[in-house]
Amino acid sequence: MQTNTRDRIVVAAARLLQRQGYVGTGIKQIAQEAQATLGSVYHFFPDGKEAVAVAAIKHSGQEFATLLQKALDSEEDPAEAVHACARQLARELRESDWLDGCPVTAAALETLGTGSEIQQVCADALRGWERLVSDKLLRSGFPAQDARELATTVISALEGAEVTAQVARDEEALQAVGRQLARLVRSYEVPPPGLARI
């Protein structure tokens, strides 16, 4: 079935990009990993490697968003929810033997300044993840500006900690960042309705 072939190509490309980056991943390797012919890859993606990468990054970004949303929903308290995100990322990274880090980092850094569509889909993914955290904080009563800025801080810190953990092959960076982010979120304790914030 054609849809299955296309899906296999996208999933294979997503895994390769996550582990090897855009530059290190070739179209022949994507076809081989997907158990598809090179002709099939070009049938679904006539514009070649960049088009495959764009579809793969969108797929990975959505997968990561699902993981993030599940972690955020696992705790009612926003500080604990943010901490849960760090724990989940640490678990996933450890279980992949430190291979499967952020699904957009490598491709984003390798295509900086190129005007590539890859840059746009990476930026969209990051903004989408920030919105998930911001929405959680808004539902918990945080003012809109605080929610936005904290969400940017949370995603930026988690991304950096994930790279550090991956390089060190040790989850402590993620665990430490999770604890500190939870402390930061708690420092913005939202007052009960009707009471002014001091």
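Residues numbered from 1 in each chain as written. Predicted model: local features only at pLDDT ≥ 70, side-chain atom pairs only at ≥ 80, totals over all residues. Heavy atoms only, no water.

Pulling in residues and values, what's your account of the overall build of the protein chain?
When helices and strands are counted, the protein chain shows nine helices and zero strands. Secondary structure elements of the protein chain occur, N-terminal to C-terminal, as α-α-α-α-α-α-α-α-α. By its C-alpha atoms, the protein chain is 65 × 35 × 30 Å across when sized along the principal axes. Evaluated residue by residue, the protein chain yields a buried proportion of 44% over its 198 residues. (Helix = DSSP H or I, 4+ residues; strand = E, 2+ residues; numbered from the N terminus. Buried < 20%, exposed > 50% of the residue type's maximum accessible area, 1.4 Å probe, protein only.)

Please provide a residue-by-residue account of the packing of helix α4 (residues 49-73) against helix α7 (residues 117-139), values included.
As a packed pair, α4 and α7 sit with axes 9 Å apart at the nearest point and diverge in direction by 10°. Classified by the interaxial angle, the pair formed by α4 and α7 is roughly parallel. In the crossing of α4 with α7, the sense of the turn from one axis to the other is right-handed. Seen from α4, the contacting residues are E50, A53, V54, I57, K58, G61, F64, A65, L68, Q69, L72 and D73; seen from α7, they are E117, I118, V121, C122, A125, W129, L132, V133, K136 and R139. Looking at side-chain class alone, the contact of α4 with α7 contains 14 nonpolar, two polar and six charged residues. (Axes fitted to C-alpha atoms, helices over the stretch in contact; angles between N-to-C directions. Parallel < 35°, antiparallel > 145°, perpendicular 65-115°, else oblique. Left-handed = near helix turned anticlockwise from the far one by under 90°. Contact = heavy atoms within 4.5 Å. Nonpolar A, V, L, I, M, F, W, Y, C, P; charged D, E, K, R; others polar.)

Tell me what's going on with the packing of helix α5 (residues 78-95) against helix α9 (residues 172-186), and back it up with residues and numbers.
Axis separation between α5 and α9 bottoms out at 8 Å; the angle between their running directions is 170°. By the criterion of interaxial angle, the relationship of α5 to α9 is roughly antiparallel. Contacts from P78, A79, E80, V82, H83, A86, R87, L89, A90 and L93 in α5 reach L174, Q175, G178, R179, L181, A182, V185 and R186 in α9. Of the residues assigned to the contact of α5 with α9, the class counts are eleven nonpolar, three polar and four charged.

Got a sec to walk through the packing of aromatic side chains? Specific residues and values, please.
One pass over the structure, following the stated rule, counts one aromatic pair. For K49, the ring lying beneath its charged end belongs to Y22, and the centroid distance is 4.4 Å. (Phe/Tyr/Trp six-rings, centres within 6.5 Å; stacked < 30°, edge-to-face > 60°. Lys NZ or Arg CZ within 6 Å of the ring centre and 35° of its normal.)

Let's hear about helix α8 (residues 144-168): which residues, and what values?
Given a rise of 1.5 Å per residue, 25 residues ought to cover 36 Å, and the 36 Å separating the end C-alpha atoms of α8 matches this to within 8%. Those residues of α8 lying buried are D146, A147, L150, A151, V154, I155, L158, E159, A161, E162 and A165. Residues of α8 that are buried sit in contact with α4, α5, α6 (105-110), α7 and α9. The positive-phi residue at the C-terminal boundary of α8 is R169, with phi of around 55°. (Expected span 1.5 Å × (residues − 1).)

Run through the pattern of salt bridges, naming residues and quoting values.
With the rule as written, the count across this model stands at seven salt bridges. One salt bridge in this structure joins R15 and E63, with 2.9 Å as the shortest N-O distance. Taken together, the residues R15 in helix α1 (residues 2-20) and E63 in helix α4 connect sequence positions 48 residues apart. Of the charged contacts in the structure, one is a salt bridge between R186 and E80, with a shortest N-O distance of 2.4 Å. In this pair, R186 sits in helix α9 while E80 sits in helix α5, placing the two residues 106 residues apart along the sequence. (Salt bridge = Lys/Arg side-chain N within 4 Å of Asp/Glu carboxyl O.)

Which residues make up the side chain of S60, and what are the values?
As for its placement among the helices and strands, S60 is situated in helix α4. Using a relative accessible area of 3% as the deciding quantity, one classes S60 as buried. Not counting residues up to four positions away in its chain, the partners in contact with S60 are A14 and P103.

I'd like a rundown of the nonpolar core, residues and numbers included.
Judged by nonpolar contacts, the single largest core of 62 residues is most densely connected at I9, L68 and W129. The element best represented in this core is α4, accounting for twelve residues. Beyond its immediate chain neighbours, meaning those up to four positions away, I9 contacts I30, A34, A36, S40, V41, F44, F45 and V52. (Core = buried A, V, L, I, M, F, W, Y, C linked by side-chain atoms within 4.5 Å.)

Can you tell me about the state of the cysteines, naming the residues and giving the values?
Per the stated rule, a full pass over the model turns up zero disulfides. Of all cysteine sulfurs in the structure, the one in C102 sits closest to C85, which takes part in no disulfide; the separation is 14 Å. Residue classification places C102 among the buried positions, given a relative accessible area of 7%. (Disulfide = S-S within 2.5 Å.)

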